[in-house]
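# Structure assessment
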Amino acid sequence: MKVAVIGASGYVGAELIGLLIQHPKVELTHLLVSENSDSCGLHFSELHARWLGICDVPLQSFSQAWFEQSVDQLDAVFFATPHEFSAQWGASFVAKGVKVFDLSGAFRLKDATQYPTFYGFSHGDGKALASAVYGLAEWNAQQIADANLVAVPGCYPTASLTALKPLVSNNLHLPGAVISVNGISGVSGAGRKASLATSFNEVSLSPYNILVHRHQPEISQEASTQVIFNPHLAPYKRGLMATVTVPLAEGVTAAQVDDAFNQAYCDSAIVRMPKAWPKIDNVAFSPFADVHWQTDEKLGVTVISCAIDNLLKGAASQAVQCFNLVIGEDSHFTLLPGGQHV
Ligand SMILES: NC(=O)C1=CN([C@@H]2O[C@H](COP(=O)(O)OP(=O)(O)OC[C@H]3O[C@@H](n4cnc5c(N)ncnc54)[C@H](OP(=O)(O)O)[C@@H]3O)[C@@H](O)[C@H]2O)C=CC1
Ligand SMILES: CC(=O)N[C@@H](CCC(=O)OP(=O)(O)O)C(=O)O
């Protein structure tokens, strides 16, 4: 498969390239940045020195002219770009028969009217929104395999839905009850571009975007129930934790909850079920999602925590899982010192 990555200078793009460069079925033909990027012409490993000697390919500028000249040579494209850029260009690649894996939020919400409120722009492409498949790999494998446009989930939704889906898909939650989702992310979740809010001296454990974060409608949509999402920024680089409180339907037992998780994940190569509460350090720099839960039958509640690496299972390695589903390959991630293998 001839593959391009757009957004190659960013954090997610870099992780994607690190995975795709080692993929036996991938020829990584183009690494792209924005038209006027400062990074244009630099070699990938000059920007991201972890890959020195592994990927030293020069970065090119994306433009209309590049698109017209190159699109016919591609089989797949990964967008690790701002939401509006993906929304503008995603469908143009699909129309040319190129499989699109978008890591932004541009195609995740089915209801176009939510875009102005949660993303700050109007989405003009209802057809693309309708055809996009939500890329939660463990739950939508069949639909992803047949998709032309995969909307790879956000980092918080990946951890939240990995925690929630076993319960809500078996109707074990109390109908109509509000589910509370607390998320904590490291600073790489905000991307590579400098900003005051993410500068070293400013970052401290703190909630942000309460009740207005764009992942609240995304999690609610995919869980088919209303959630309240409380994101927090924490002073470390990588990793994300979602802790979810689920009121249970009348009479649901701890054993039913355990069965739901075991059925969902006992065969998964990616979702692990440690016997203790997960830790960020156990998943950072890995493609794994670690899930642990506890049920109080008297209170009628289950609390679940899921830890992931926001840039891998929360973005790049999940996108590669989706790509593998599309090309009919298993996802094998072998951890090696200094990097990941697919
Ligand atoms: N960080 C995370 O944990 C996660 C991020 N995401 C999503 O993935 C996407 C990338 O995030 P992240 O890597 O963190 O962001 P970064 O800010 O680190 O990188 C953004 C990338 O997009 C490129 N870019 C910006 N504008 C354009 C444009 N107009 N045309 C082409 N390329 C452009 C930038 O290139 P340059 O500036 O050099 O031109 C850069 O390579 C975003 O949509 C984000 O929401 C999803 C899940 C997790
Ligand atoms: C710490 C931090 O700022 N995190 C980002 C989430 C990144 C991500 O997964 O989101 P999208 O793909 O939806 O942009 C945020 O809260 O906006």
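The structure under discussion appears in the preceding block.
Bear in mind the structure is a predicted one, so any value in this text is a computation, not a measurement.

### Some points on the site of ligand 2
Not every one of the 15 residues close to ligand 2 is listed here, only the nearest: Cys-155, Tyr-208, His-213, Arg-214 and His-215. Between ligand 2 and the protein, one listed contact pairs an oxygen atom with a side-chain N or O atom of Arg-108 at 2.7 Å. For ligand 2, an oxygen atom lies 2.6 Å from a polar atom in the side chain of Tyr-208. Burial of ligand 2 by the protein amounts to 84% of the accessible area it has alone, namely 440 Å². Grouping the amino acids of the shell around ligand 2 by side-chain chemistry returns 6 nonpolar, 7 polar and 2 charged. A domain-level breakdown of the shell around ligand 2 finds at least three residues from each of domain 1 (2-131) and domain 2 (155-310).

### Thoughts on the site of ligand 1
Surrounding ligand 1, one finds 26 residues, the nearest of these being Ser-9, Val-12, Ser-34, Ser-37 and Thr-81. Here an oxygen atom of ligand 1 sits 3.1 Å away from a polar atom, N or O, in the main chain of Tyr-11. Here an oxygen atom of ligand 1 sits 2.9 Å away from a polar atom, N or O, in the main chain of Arg-192. Of all the elements in the fold, those that place two or more residues in the shell around ligand 1 are α1 (11-20) and α4 (83-95). Considering only residue class, the shell around ligand 1 consists of 11 nonpolar, 14 polar and 1 charged. Built from parts of two domains, the shell around ligand 1 gets at least three residues from each of domain 1 (2-131) and domain 2 (155-310).

### Describing the pattern of salt bridges
In the structure shown here, the tally under the stated rule is 8 salt bridges. A salt bridge links Glu-15 to Arg-50, with the nearest nitrogen and oxygen atoms 2.9 Å apart. Taken together, the residues span a long stretch of sequence, with Glu-15 in helix α1 and Arg-50 in the loop between α2 (44-47) and β3 (60-61) at a distance of 35 residues. Here Asp-290 makes a salt bridge to Arg-272, at a shortest N to O gap of 2.8 Å. Here the residue Asp-290 occupies a position in strand β13 (residues 289-296), and Arg-272 occupies one in strand β12 (residues 271-272), the gap between them amounting to 18 residues.

Thresholds applied
- Residues numbered from 1 in each chain as written.
- Chains lettered and ligands numbered in written order.
- Predicted model: local features only at pLDDT ≥ 70, side-chain atom pairs only at ≥ 80, totals over all residues.
- Heavy atoms only, no water.
- Near = heavy atom within 4 Å.
- Polar contact = N/O pair within 3.5 Å; in protein donor to acceptor, adjacent residues only side chain to side chain.
- Areas by Shrake-Rupley, 256 points an atom, 1.4 Å probe, with all protein chains shown as cover.
- Nonpolar A, V, L, I, M, F, W, Y, C, P; charged D, E, K, R; others polar.
- Domains from an automatic or database assignment.
- Helix = DSSP H or I, 4+ residues; strand = E, 2+ residues; numbered from the N terminus.
- Salt bridge = Lys/Arg side-chain N within 4 Å of Asp/Glu carboxyl O.

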